[in-house]
Amino acid sequence: MIHLNQVGFDKDMPKKAIITTKGEYCVILSEDNEVIFQPQLTAPFFDSVSGDTVRCADFSELKKPGAYFLFADGMKKKFYISGRPYRALTGALVKGMYYQRCGCALEEKYSGKFCHGACHTGKAVLENDKSVVKDVSGGWHDAGDYGRYVIPAAVTVSHMLYAYELFPKAFTDNLDIPESGNGTPDILNECRYELEWMMKMQREDGGLYHKVTTRIFAPFIMPENDTGELLLFRVTHTATAAFAASLAQAYRVFKTHDRAFPEKMLEASVRAWNWLEKNPEFEPFVNPPNTRSGGYGDENCDDEIFWAACELFAATKEEKYRQSMLALADKIEIHKLGWRDVGGLGALCCLFAIKNPDGDFTKKLRQRFLAEADNYVEKQKNSGYGTALVAEEYIWGSTMLVMNYAIVLICAKLLTGKDEYQNAAQSHLDYLLGMNATGYSFVTGFGENAFRYPHHRPSYADGIDDPVPGLVSGGPNKRFPDLVCQKLIPPETPPAKFYIDHTWTASANENAIYWNSPAIFVTAYFDSLGIE
Ligand code: 9MR
Ligand code: ZN
């Protein structure tokens, strides 16, 4: 097999493919089959996480834009080189969020054959007190399900806002969403759609309802046909802190585009923080009996509070936030960027948004952050398919880890200028787009062998062959296989191949907003390199 990035290589960046053939005859052919290059091949290497013996073919020297074939031992695989290979992909990943919109119709004008009626527009009732009835319409569906959850929302918006803050040139105002052409980049328009919903999830006293979902996950029907009672679940600390952080960041970013909206967000963020101060007793969320929708339970709230303190300090410069930030930093992992562990988002705030809160503090944080990036570079060098993922990390949403590692590596490059970080990040992007043990590109609609059967209700129920484009798969997951994977994948299958492109597996082939968003960060970075 030949495994490579199926979307495209940046002409100026390293170019690699992984081959599992003998590599006795490996050449690059032009589109009219002329041999034009002979890649360097590494010695064969047994990669235990995939069970493959791999060689890496390096053709970085090839820089001329065009379409080519990599030919190895009788197999042939097409690839592309261009100046800005990730421009359309970045746009599609942002548009992928638009397709997740809830509370409105997806009009044909913007969504073509993927259009559908307005969904989940009714009011929700509080799960443990039916006398509380609230309009919480709007926002994005979380994933392949129709639930809407505050923590993943906050994390997703933050990834996207950091992508915009650091690489603004990669974002346009022409993605064909309803707000396109309003003079604000569509990534911000899309974030605003979510932020407006998040504010509806806030109670008067500042606390945030954890989520709004039906009692159990909907069957595989279109969202407008999912008319079960909408339930609001109790206020939680983790949702409140993540909200405070994300809204404070959004205040900073939107301030340059607008006046009233950012002020409203800062006020909401401060109100959330005040609720946390008044309610110090942390009680992790668990689903009440008979409830089957996402839990997003988390036993530790320190990282969410750290993140909120950083963003609120950046927004207000108030001393109390700085004190919390300094007090918590040593206790938390400052490189994690997922829904459960958010310390990395606080670190991004310290490293890129707060200008010098305290010399020693920043220096230490930076050292810790770079040490983590060095660790990824080391692991990446020793892995068959070029990522820092180790065997135990093929978990539910392993693709998110791959993209989160790439974010840390990109930030390390921004902080130090060192290309080794950037090259390691590129390799993680190559993995997403096909240079992985499964051979799939994990973005719908992108790549010759893109996955096609996401565990995504609309993609199944709309009667259209193609899946909704621009969605990222959770990817191989040997740690928490659902019954479908247990049945269809032989148990001895190595972790990196514990994947099946099948509608009925949530554990390996769902999409989620917070798997799209780190990919947006990564593709936007690489796209921005090609912009003059
Ligand atoms: O991303 C979540 C993953 O870390 C968990 O292991 C998994 C099982 O609890 O849930 C994932 O989140 C799902 C959420 O609970 C509901 N919407 C779909 C999410 C993606 O599968
Ligand atoms: Zn909906």
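All of these numbers come straight from a predicted model, not from anything done at the bench.

Asks: How should the packing of aromatic side chains be read in this particular structure?
Replies: What describes a pair of aromatic rings is the distance from one ring centre to the other and the angle between the planes of the rings. If you walk through the whole model with that rule in mind, you get 26 aromatic pairs. Both rings, one in tyrosine 86 and one in phenylalanine 526, keep their centres 6.5 Å apart while their planes meet at 75°; by these two values the pair is edge-to-face. Remark: phenylalanine 526 occurs in helix H16 (residues 513–529) and tyrosine 86 occurs in the loop between strand E10 (75–82) and helix H1 (87–98); sequence separation between them is 440 residues. Classification of tyrosine 86 as buried rests on a relative accessible area of 0%. Take phenylalanine 526: its relative accessible area is 1%, and that puts it in the buried class. Note on tyrosine 440 and tyrosine 499: the rings are 5.4 Å apart at their centroids and 65° apart in plane angle, and the pair reads as edge-to-face. Here tyrosine 440 is found in the loop between helix H12 (419–432) and helix H13 (457–461), whereas its partner tyrosine 499 is found in the loop between helix H14 (483–488) and helix H15 (506–509), with 59 residues between them in sequence. Among the residues examined, tyrosine 499 registers a relative accessible area of 8% and is labelled buried. Here the basic side chain of arginine 192 rests over the ring of phenylalanine 261, its NZ or CZ set 3.7 Å away from the ring centre. The side chain of lysine 317 reaches across the aromatic face of phenylalanine 313, ending 5.5 Å from its centre.

Asks: Before we go on, may I ask you to explain the site of ligand 1 in this structure?
Replies: By nearness alone, every residue bordering ligand 1 is listed as Asp142, Ala143, Asp145, Tyr149, Gly294, Tyr296, Trp339, Trp396, Glu510, Tyr514 and Trp515. Glutamate 510 places a side-chain nitrogen or oxygen 3.0 Å from an oxygen atom of ligand 1. Within the contact set of ligand 1, an oxygen atom lies 2.6 Å away from a side-chain nitrogen or oxygen of tyrosine 514. For ligand 1, the protein covers 78% of the area, taking 450 Å² as the surface of the free molecule. One can see that ligand 1 is located within the largest pocket. Class assignment of the residues belonging to the shell around ligand 1 gives a composition of seven nonpolar, one polar and three charged.

Asks: Even after reading the chapter, I still don't get the sheet that holds strand E4 (residues 26–30), so can you show me in this structure?
Replies: Backbone hydrogen bonds are what pair the strands of a sheet, in a parallel or an antiparallel way. Overall, mixed pairing links the five strands, which are arranged E2-E10-E9-E4-E5 in an open sheet. Each end of this open sheet is capped by a strand with a single partner; those strands are strand E2 (9–10) and strand E5 (35–37).

Asks: It is not clear to me how the coordination of the zinc ion (ligand 2) should be interpreted in this structure. Could you clarify?
Replies: When a metal carries six donors in an octahedron, the ideal angles between them are 90 or 180 degrees, while four donors in a tetrahedron ideally lie at 109.5 degrees. For the zinc ion (ligand 2), the full set of protein donor atoms is Cys102 (SG), Cys119 (SG), His120 (ND1) and His141 (NE2), at a range of 2.0 to 2.3 Å. With four donor atoms in place around the zinc ion (ligand 2) and angles of 100 to 116° between them, the coordination shape is tetrahedral. Summarised as a motif, the one-chain spacing of the donors to the zinc ion (ligand 2) is C-x16-C-H-x20-H. With cysteine 102 in the loop between H1 and helix H2 (108–111) and histidine 141 in the loop between strand E12 (129–134) and strand E13 (148–149), this pair connects stretches of sequence that are 39 residues apart.

Cut-offs used in this document
Residues numbered from 1 in each chain as written. Chains lettered and ligands numbered in written order. Predicted model: local features only at pLDDT ≥ 70, side-chain atom pairs only at ≥ 80, totals over all residues. Heavy atoms only, no water. Phe/Tyr/Trp six-rings, centres within 6.5 Å; stacked < 30°, edge-to-face > 60°. Helix = DSSP H or I, 4+ residues; strand = E, 2+ residues; numbered from the N terminus. Buried < 20%, exposed > 50% of the residue type's maximum accessible area, 1.4 Å probe, protein only. Lys NZ or Arg CZ within 6 Å of the ring centre and 35° of its normal. Near = heavy atom within 4 Å. Polar contact = N/O pair within 3.5 Å; in protein donor to acceptor, adjacent residues only side chain to side chain. Areas by Shrake-Rupley, 256 points an atom, 1.4 Å probe, with all protein chains shown as cover. 1 Å grid on protein atoms, 1.4 Å probe; cavity = no way out; pocket = protein on both sides within 12 Å on 5 of 7 lines; lining within 4 Å. Sits in = over half its atoms within 2 Å of the grid points. Nonpolar A, V, L, I, M, F, W, Y, C, P; charged D, E, K, R; others polar. Pairing = 2+ DSSP bridges. Donors = N, O, S within 2.8 Å, 3.2 Å for Na, K, Ca; no water. Tetrahedral: all angles 85-135°; square planar, octahedral: opposite > 155°, others 65-115°.

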